[in-house]
Amino acid sequence: MNIAKELLRLVNDEDGLTTVEYAVAGALVAAAVVVAFTNLGTNVGETITGLCNTLDGAQGSMANATQGNC
């Protein structure tokens, strides 16, 4: 009788399921953060490259100016 009672308690126990749900949610958040920062890094890199090109072009149009590297 005691074994059946423990098996029933084990089947109805949802603590393990809650842990798995938190692990899955954490993995999804981590994946979203990686994607967001990857896109952010790409956009920042493109913006800096554009600014560098603009500044290099402005320096080239000035008299006696030396070309700089960004």
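We now examine the overall build of the protein chain. The number of helices and strands found in the protein chain is two helices and zero strands. Among the 70 residues that make up the protein chain, the fraction classed as buried is 1%.

Let's shift gears to the pattern of salt bridges. On inspection of all chains with the given rule, the structure shows one salt bridge. Between Arg-9 and Glu-6 there is a salt bridge, with its nearest N and O atoms 3.1 Å apart. Of this pair, Arg-9 and Glu-6 both sit in helix 1 (residues 2-12), separated by three residues, roughly a single helical turn.

It is worth spelling out a negative patch on the surface at this point. A cluster of acidic side chains, namely Asp-13, Glu-14, Asp-15 and Glu-21, defines a negative patch on the protein surface. For Glu-21, the location among the structural elements is in helix 2 (residues 15-61). Taking relative accessible area as the criterion, Glu-21 reaches 47% and is therefore assigned partly exposed.

Turning to a nonpolar patch on the surface, a few remarks are in order. Among the surface-exposed residues, Val-29, Val-33, Phe-37, Leu-40, Val-44 and Ile-48 lie close enough to one another that they form a single nonpolar patch of about 560 Å² accessible area. Topologically, Val-29 is positioned in helix 2. Relative accessible area serves as the criterion here: at 53%, Val-29 is assigned to the exposed category.

So, how was this worked out
- Residues numbered from 1 in each chain as written.
- Predicted model: local features only at pLDDT ≥ 70, side-chain atom pairs only at ≥ 80, totals over all residues.
- Heavy atoms only, no water.
- Helix = DSSP H or I, 4+ residues; strand = E, 2+ residues; numbered from the N terminus.
- Buried < 20%, exposed > 50% of the residue type's maximum accessible area, 1.4 Å probe, protein only.
- Salt bridge = Lys/Arg side-chain N within 4 Å of Asp/Glu carboxyl O.
- Patch = residues over 30% accessible without salt bridge, like charges linked within 9 Å, V, L, I, M, F, W, Y side chains within 5 Å.
- Areas by Shrake-Rupley, 256 points an atom, 1.4 Å probe, with all protein chains shown as cover.
- Lys, Arg positive; Asp, Glu negative; His and termini not counted.
- Charge placed at Lys NZ, Arg CZ, Asp CG, Glu CD.

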